[in-house]
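Structural description and commentary
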Amino acid sequence: MPVTSKVTGTSQRNRTLHTWRRDPIWLVVLAAHSTWALYPPLSKALLAYLPPFALLTVANGLTLGIATVVARPYLSRDLWRERGLWIFALITAGRSITNILSIQYTLAIYVQLINLLTPLHVAWLSRLLLKEKVPPYTFRALAVSGLGAYLVLSPDPTRLQLPRSADDVWGIAFALLSSLFLALYMAWIRRSTVRQTHPLAVYWQQTFALTALYVVLSPLNGEEWGVWSGQPLQVWLGVLALALIVLLGAALLQIWALARVNATLFSALISWRLVVALAAAWLLLGERLATGWQAAGAALVMAAVTVYLQRQAARLRGRRGAETHLPTAAGS
């Protein structure tokens, strides 16, 4: 009966909230989102000293060494024979390349803002590629978040102006493309046998592929590796932080959290990343939201994405295995 259904749904929501308040796993979820949020501002700070592909060669190489030890019990020859895994590695490579280029060309806070739109892209990509029904509220969330993004990115929203700097245009374009690569990864994972592979093994394989890719791309891009010899201590500490705290730490935290909570609940806190990115970008780069329009726009995006994901979590609650989210080595 409707009354019984309503009471049951309310009690389930109350139990979920009570569990999150009592169980410290929500701190792990926030820590995972926080460390991923450090990727754009920390990478942007390091790009002032180091070329992009050389930076990611070293950072992913350091990560690969530790990931090999951690993931060793789950590694097998099947990793090399599974075509689906290599498809996801290629998608991850596209995500990683476009992500670092977007950070190089435009503000780190712009990149993180656009990354927040990824769950909305997943919805229409799933419709386009997998013929799945578009979830409720998707188009309303896209409209509200699109308006918010415009308010942040526009030099003067009242005059319908868009960014005029060539670097900003390229950076925003790369950020949108990077978000689409991540959305493609998240949409396709639900129809793939990759879900049967342990997340640590998937993460190791992607990190291996990225390290090999950047070893090739760095010299092709004409990057000078001699710049490493004269770098101050803070740059080396920054590279270690990027490798160990962000690329490795965030992935391990995410794997641990997703073993305890549903992926839709994990994603419901994704807007927290913009809060952390804004703070980190201000401290490391001096970037900030300079106008009331930008602050209002960021609030609109965070509200739209949060409400949308919470409603999807409520809709999918009780459907076991409704969603799977494996971390990517490119900055989830």
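Each value, and the rule that gives it
- Residues numbered from 1 in each chain as written.
- Predicted model: local features only at pLDDT ≥ 70, side-chain atom pairs only at ≥ 80, totals over all residues.
- Heavy atoms only, no water.
- Core = buried A, V, L, I, M, F, W, Y, C linked by side-chain atoms within 4.5 Å.
- Buried < 20%, exposed > 50% of the residue type's maximum accessible area, 1.4 Å probe, protein only.
- Helix = DSSP H or I, 4+ residues; strand = E, 2+ residues; numbered from the N terminus.
- Contact = heavy atoms within 4.5 Å.
- Axes fitted to C-alpha atoms, helices over the stretch in contact; angles between N-to-C directions.
- Parallel < 35°, antiparallel > 145°, perpendicular 65-115°, else oblique.
- Left-handed = near helix turned anticlockwise from the far one by under 90°.
- Nonpolar A, V, L, I, M, F, W, Y, C, P; charged D, E, K, R; others polar.
- Phe/Tyr/Trp six-rings, centres within 6.5 Å; stacked < 30°, edge-to-face > 60°.
- Expected span 1.5 Å × (residues − 1).
- pLDDT = per-residue confidence, 0-100.

1. Quick look at the nonpolar core
The biggest cluster of nonpolar side chains holds 44 residues, and the ones touching the most others in it are Y39, L46, L55, I100, V239 and L242. Contributions of two or more residues to this core are made by α3 (39–46), α4 (52–71), α6 (83–105), α10 (166–188), α11 (199–220) and α12 (233–258). If you tally residues by element for this core, the top one is α12, at 10 residues. Those residues within four positions of I100 in sequence are excluded, and the remaining contacts are Y39, S43, L47, P52, F53 and L56. Formed by 24 residues, the second largest nonpolar core is a distinct cluster that contains L120, A268, I270 and V301.

2. Details of the environment of G65
When you line up the elements, G65 lands in helix α4. A relative accessible area of 39% means that G65 is categorised as partly exposed. Linking G65 and F208, residues 143 residues apart in sequence, is a C-alpha distance of 9.4 Å.

3. Re the side chain of N60
If you trace the backbone, N60 turns up in helix α4. Residue classification places N60 among the buried positions, given a relative accessible area of 2%.

4. Thoughts on the packing of helix α8 (residues 118–130) against α10
The interhelical angle for the contact between α8 and α10, taken along N-to-C directions, is 60°, at an axis separation of 8 Å. Classified by the angle between their axes, α8 and α10 sit oblique to one another. Judged by the twist between their axes, the crossing of α8 over α10 is right-handed. Mapping the contact onto sequence places T118, H121, V122, W124, L125, S126, L129 and L130 in α8 and S179, L180, L182, A183, L184, M186, A187 and W188 in α10. Split into classes, the residues belonging to the contact of α8 with α10 amount to 12 nonpolar, 4 polar and no charged.

5. Here's the deal with the packing of aromatic side chains
Under the definition given, this model contains 10 aromatic pairs. Judged by centre distance (6.0 Å) and plane angle (25°), the ring pair of Y105 and F174 falls under stacked. Linking Y105 in helix α6 with F174 in helix α10, this pair joins segments that are 69 residues apart in sequence. On the accessibility criterion, F174 (19% relative accessible area) is buried. Members of the aromatic cluster, each reached through a chain of ring pairs, are W80, W86, W204 and F208.

6. With respect to helix α2 (residues 25–37)
Compared with an ideal rise of 1.5 Å per residue, which puts 13 residues at 18 Å, α2 spans 19 Å between its outermost C-alpha atoms and is within 8% of the ideal. Within α2, burial applies to I25, V28, V29, A32, H33, S34, T35, W36 and A37.

7. Let's talk about the confidence of the model for the chain
With 83% of its residues at a pLDDT of 70 or more, the chain has an overall mean of 82. Within the chain, helix α1 (residues 2–22) has the poorest average pLDDT of any element, 46, and α3 the best, 97. Counted against residues more than four places away or in other chains, residues 1–9, with its pLDDT under 50, gives 0 contacts. Within the model, the stretch residues 320–324 combines pLDDT values under 50 with 9 contacts to residues more than four positions away or in other chains.

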